[in-house]
Each structure stands twice: as structure tokens, then as C-alpha cells.
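Descriptive structure summary
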Amino acid sequence: MTPSQPTQSNPSTAQARVLVDEMLRHGITDAVLCPGSRSAPLALALAAAERAGRLRLHVRIDERGAGFTALGLALGSKRPVPVVVTSGTAVANLHPAMVEAAHSGVPILALTANRPPELRGTGANQTIDQVGLFGPHARTVVELGAAGDPELEHRHWRAAIGRAILTATALPDPGPVQVDIAFREPLVPAEGDEEYRLTAADGTALGGDDDDDDAATARAVTAAPVDLPEGRPGGRPWVQRALAGLDSAPGASAVAVDLTRRTLVVSGAGAQPVSGLVGVPTVAEPGAPVPLHPVHPLAIPRLAPEQVVVTGRPTLHRSVTGLLADPGVDLVILDAGPHSPNPTGSAAELADSVLTGWDVDPAWVAEAAKVNTHAREAVDRLLDRHLTSAGPTGLHVARAVARGMRAGGNLVVGASNAIRDLSLVGPLDPDVSVYANRGAAGIDGTVSTAIGVALTAPGRTVALMGDLTFLHDLSGLVLGPRELHPEDLTIVVADDDGGGIFSLLEQGDPRLATDFERVFGTPHGADLRALCVGAGIPFTDTDPAGLEEILTGPSISARHRDIVPEGLRVVRVSTSRQGLRDLHAALRAEALG
């Protein structure tokens, strides 16, 4: 006996399908999902959309890693990415990724399934007060109550998810949004509604077996799902941002910068190219545009700029912080938004752009070039000398990565020492795209972020991180056999068996040596090879020279795993924390000598 077709889907199923349909209309191409009961309506609707070829679904078993996977997907695709979780602590596990996205301006949508209002505050299982759980780290919170009549309510559902997407992508301050959805039982489709499929306007199914990918994509654009209350005609979103009119007043502020003065630009995370400053000597952190006239951060004390222009948010070097706090230097910050980088409080002017009608003094450019060359040569010389009497450090690993990166590739850099090391041993090829979670500068989620970037950004991807950063997100390596795997991702781990950065901070003062290893160095003794074997990830042990050879070798694609099974691989370089504090002191002295 064949079950009769229901006249319409049950309310929770219909609501989830409408929300997914509307996200597709806004150009969503990837979504991340963690398994759960309360979120089942969204899980099934997303799975149907993937079968129809309209998005890529990434299933993860760990919500914390799922949040950072969504963040990496958004970074690589430059599109908003939803991450769907069930109720309770599953929501709380998204918090680290939401914090990072909030501070780095990445549009991720936390779609958090919730119990209906009548079950909250009653002791019902897996129920917490989760609406607004992310506090100031969500640009806004959109709360959708339990669904009723889809024909009457669908326009509110469409408008709500549209508002969430527009808020997450709004310039100049994009960022994460929480969409909390109360799903009332039943949480699965009614009998006869199980094989729900999205179909094209011509009535043909949008399955996943179409030999003509272009044809499938073209039909998907005009797809009109059946059994849903109609959205806007032509596949348009229910609500969208209007374009600025010709008579719109400019909203940007500008400041005049006299480039005949000794001017230095400092570019940090999130910096964008500024045409008026191209000819100015620039200290650029990894991820900022590679400058025409670079200045090594260790060379800053040899220069005496009269004014500094800051773009992005520099956070890595104390020499930069000291310069920005110098009362004798005029400071201009090009980011007058809500997260203006003015930690020293010294800036006299905040602006969105510069007005420059003056040429840079050639003598100043030549002076900056001279000290930059001296500092870079000093770093290379000392690192080579170090290897004659001691083992490699994270600096040597970072240098091998910088030398091994190819134009068109992607580099994901972990927090703590990894990104600081890279900034001292560059520069990178200007055509390498650098990604780093510098919003909150935490070590969590870096493996998952790298996988997200590798799945969406074109080209080869390399991730550089320390051993603690790697271990902190070890579950990110667990990708199911039916999940999309990166085609070419190499995770490089500089393994010094602990937290090397503390050797360089106040905590590394020799007078605190008695307790240093226990409470700051934190050696773990973990066998990274065994951990990777357990996750089914190819693993290689090498030294900096071998690493450079690996990275400059031919790219290995996941399409050829039958020949070389390394679409995702881990390369470990054993490094030492011993003497690291003295090495950095010698680098500073040599750069100034």
C-alpha cells in the first residue's frame, strides 16, 4: 500500500524547508551541520538541498570544530555560511567561533534549534536559556517562534532569515548572527513526505547525477521548490539590500596626510590596500597587503618617523606598540568603525581614507629600504648560525613555509608563535592569500578553519601552527568517509612539545624557572604520528629543509588518492624551545647593529 501524499508538510518541516530555500536565494553555497534531534527539520532540508545540487553540506560531530569550519568556509568563499546545531550545550560550543567571527568580521550564521516556549524552564531535557547566548559577539539575534500555518507565516520566516543574512554581511561591520528557531514536534516529515525534493521550474528533478554541471547549475538558479509557500518570483530573495542612489551622500571620512614628512604605514589584520599610501614604507603583518616598500618589524627602532598611518589592526610586535604609543609621533588610524585599532589611545585622527597630494621623500624611502635589508639579512644569518650548534626552532619552520609557498596558494597561520615567526622571516609572495584568526587571537579551531578554507578557496592550502594549536583542535581531523575532504591541504606543525611563546614573554624570565615548565611550558609528550594514524591522516616527520622540499614539490590532489593518498596530510617538524629567549634577543640586537 502506497502512503497518501500529505496536503502540506508539518509546521516544523515546512519552516525548515522555507528557511533553506530562502538561504539559497541569498546565495548560500555551503552549510555546516552537527547531528541532533531538535535540529532534525533543518538537517533534512539541507540534505535535500545538497541532493538537488544547490549547496554543499559539511557534517561535523563536534560543534566547536563545526563553528570554525563555517568560519573557514566563509573566509575562503567570501560568502556567509550557516552552521546548524541542536539545543543545549551544542549552542555553547559555537561560542569560540562566534567570538572570533565577531572580532574579525566574518559572516557566519549560527542556526540554533531550540525547544518551544512551553518546554523552557520546566526541566525539559537538553534545554537551556540559549537565546542571546553569544551576547555582544552576535551582531543581532533573530528569534523564530514555533511554526504554525506555513501559508500565513512563511513571509515572516523568509524576512527573518533574510534580515539575519543582510546583517551578517552589512558593511562596514559584517559578523556573526544567531538565528534561534523553536521547533515543536513532530521533527521529521509526515508519512508520504519523506522523499521531498527541490525541483526546477520546468518540473525536472535537481538530482546529484546530472552529467552537465553547467546545466544543473543553471536550473538550480531558477529552482522553485514544490510543497512550499511561494517565495519571490524569479528566485529573488524575500528581502534584499537596496543599492545606493546616485544622489547618496558619501559616508566616508578622509584625512589629509602630508607625505613629505617621514611617514611610516603599519598594516595589520584586516588591512585593505590604500592607493594613496602605496609609495610609503610599510610594516605589514602576515595577512595585510604585501607592500611595495616593506619594513622589517625589528628595524623600527632604527627609524624615526614623524607620523604613522595605521591600516587594519596590528597586534603582533611590541616594537609597533611602542611606536604607536610614542607621544612624539603623530598617529592617524584608517578605520573609524566600531573596532578602531587604537589600543594605546594615542591617535589624534580616525578616518576611513586619506587625501595625499604630496610625493614621498625619496631619501626617506631609501633609508627605510636600507634598514629593512639589514634586518632581514641579520635574521637569515642568525638562523643559519643557530643550526650549527642547536636544533631548529619555530622560526626555521616558518622560514621554510615562507620559501615554499607558491603564488596562488593559501596560507592559514595559527596564533601564538606561528604568526609572529612568519612575520619575522618573510616576505611571502604577494599572490599568496593569508588567513589567520586574529580577531580574538585564540589557538582554538585552527585545524577546522584551515579545512574550511581549503574546501572553498581556490589553489593549494598550507596551514602553519604549533603543537598546542594542533592538539587543541585535533577533532577537526575527523572527517567522515561521506564528507568532502580537502583536495590539497598540508598542515605543518612546529612541535616544540609545549607553549614556546611563554619563553618570550614576562613569564619566561629566568627567575621564574622553577615553575615555568609546569604552568607555562606545559609539555604534553603526545605522539602526533599515532594521533594522525588514528584519524586516518597521512603523516610525515621532517626537518626545515625537507619541509621546504615538500612544499615546493608537485601538488597532490585528492582526485588521485588511488595513486598518492594525501589530499590532507600533516607534516611535523620537531623544534626546540631551549634558548629561544636568547635567540630572539640576539635577533633584535643584530637587526639594530
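These numbers were taken from a predicted model, which means no experiment stands behind them. (Residues numbered from 1 in each chain as written. Predicted model: local features only at pLDDT ≥ 70, side-chain atom pairs only at ≥ 80, totals over all residues. Heavy atoms only, no water.)

**Here's the deal with the sheet that holds strand β5 (residues 141–144)**
- The six strands are arranged β2-β1-β3-β4-β6-β5 in an open sheet whose pairing can be described as parallel. Every interior strand has two partners, whereas the edge strands, β2 (56–59) and β5, have only one. For this sheet, the mean angle separating the axes of adjacent strands, direction not counted, is 20°.
- By the bridge criterion, six bridges tie strand β4 (residues 108–114) to strand β6 (residues 177–182) in an arrangement that is parallel. (Pairing = 2+ DSSP bridges. Helix = DSSP H or I, 4+ residues; strand = E, 2+ residues; numbered from the N terminus. Axes fitted to C-alpha atoms, helices over the stretch in contact; angles between N-to-C directions.)

**Quick look at the packing of aromatic side chains**
- One pass over the structure, following the stated rule, counts two aromatic pairs.
- Ring plane angle 40° and centroid distance 5.6 Å describe the contact between Phe502 and Phe520, whose orientation is recorded as tilted. One end of the pair, Phe502, is in the loop between β17 (489–495) and α14 (513–521); the other, Phe520, is in helix α14, and 18 residues separate them in sequence.
- Its relative accessible area of 28% is what places Phe502 among the partly exposed residues.
- The class of Phe520 is partly exposed, set by a relative accessible area of 25%.
- Taking 6.1 Å as the distance between ring centres and 40° as the angle between the ring planes, the aromatic pair formed by Phe516 and Phe520 counts as tilted. Here the residue Phe516 and the residue Phe520 both occupy positions in helix α14, the gap between them amounting to four residues, near one helical turn.
- Taken together, the aromatic side chains of Phe502, Phe516 and Phe520 make up a single cluster linked through ring pairs. (Phe/Tyr/Trp six-rings, centres within 6.5 Å; stacked < 30°, edge-to-face > 60°. Buried < 20%, exposed > 50% of the residue type's maximum accessible area, 1.4 Å probe, protein only.)

**Details of the confidence of the model for the protein**
- Residues with a pLDDT of 70 or more make up 88% of the protein, whose mean pLDDT is 88.
- Note on residues 199–226: pLDDT is under 50 here. Beyond four places in sequence and across chains, it has 39 contacts.
- A low-confidence stretch, residues 246–251 stays under pLDDT 50, and its non-local contacts, those more than four residues away or across chains, total one contact. (pLDDT = per-residue confidence, 0-100. Contact = heavy atoms within 4.5 Å.)

**Looking at the nonpolar core**
- In this structure, Leu277, Val308, Leu334, Val401, Leu411 and Leu547 are the most contacted members of the largest nonpolar core, which totals 66 residues.
- Here the element with the most residues in this core is helix α9 (residues 362–386); it accounts for eight residues.
- Non-local contacts of Leu334, meaning those with residues more than four positions away in its chain, are made with Val255, Val274, Leu277, Val309, Val310, Thr311, Ala351, Asp352, Ser353 and Val354.
- In this structure, Val91, Leu479, Ile537 and Leu568 belong to the second largest nonpolar core, which totals 43 residues. (Core = buried A, V, L, I, M, F, W, Y, C linked by side-chain atoms within 4.5 Å.)

**Some points on the side chain of Thr127**
- Within the secondary structure, Thr127 is located in the loop between β4 and β5.
- A polar side-chain atom of Thr127 sits 3.3 Å from the main-chain carbonyl oxygen of Ala124.
- Polar side-chain contacts of Thr127 include one of 3.0 Å to the backbone oxygen of Asn125.
- Leaving out residues up to four positions away in the same chain, Thr127 has contacts with Arg115, Leu119 and Arg120. (Polar contact = N/O pair within 3.5 Å; in protein donor to acceptor, adjacent residues only side chain to side chain.)

**Looking at the side chain of Thr86**
- Structurally, Thr86 is set in the loop between β3 (81–85) and α4 (89–92).
- Among the residues examined, Thr86 registers a relative accessible area of 5% and is labelled buried.
- In terms of polar contacts, Thr86 uses its side chain to reach the backbone amide nitrogen of Arg38, at 3.4 Å.
- Not counting chain neighbours up to four residues away, the residues in contact with Thr86 comprise Gly36, Ser37, Arg38, Ser39, Val91, Ala113 and Gln126.

**Focus: unusual backbone geometry**
- For the bond from Leu171 to Pro172, the omega torsion is 10°, close enough to zero to count as cis.
- Locating Pro172 in the fold gives a position in the loop between α6 (150–168) and β6.
- With an omega of 5°, the peptide bond running from Glu185 to Pro186 counts as cis.
- Within the secondary structure, Pro186 sits in the loop between β6 and α7 (213–221).
- A positive phi angle, close to 70°, is found at Ser416, a residue other than glycine.
- Mapped onto the elements, Ser416 comes out in the loop between β14 (410–413) and α11 (417–425).
- Residues other than glycine seldom take positive phi values, yet Ala441 does so here, at roughly 60°.
- Secondary-structure assignment places Ala441 in the loop between β15 (433–436) and α12 (446–456).
- Its relative accessible area of 34% is what places Ala441 among the partly exposed residues.

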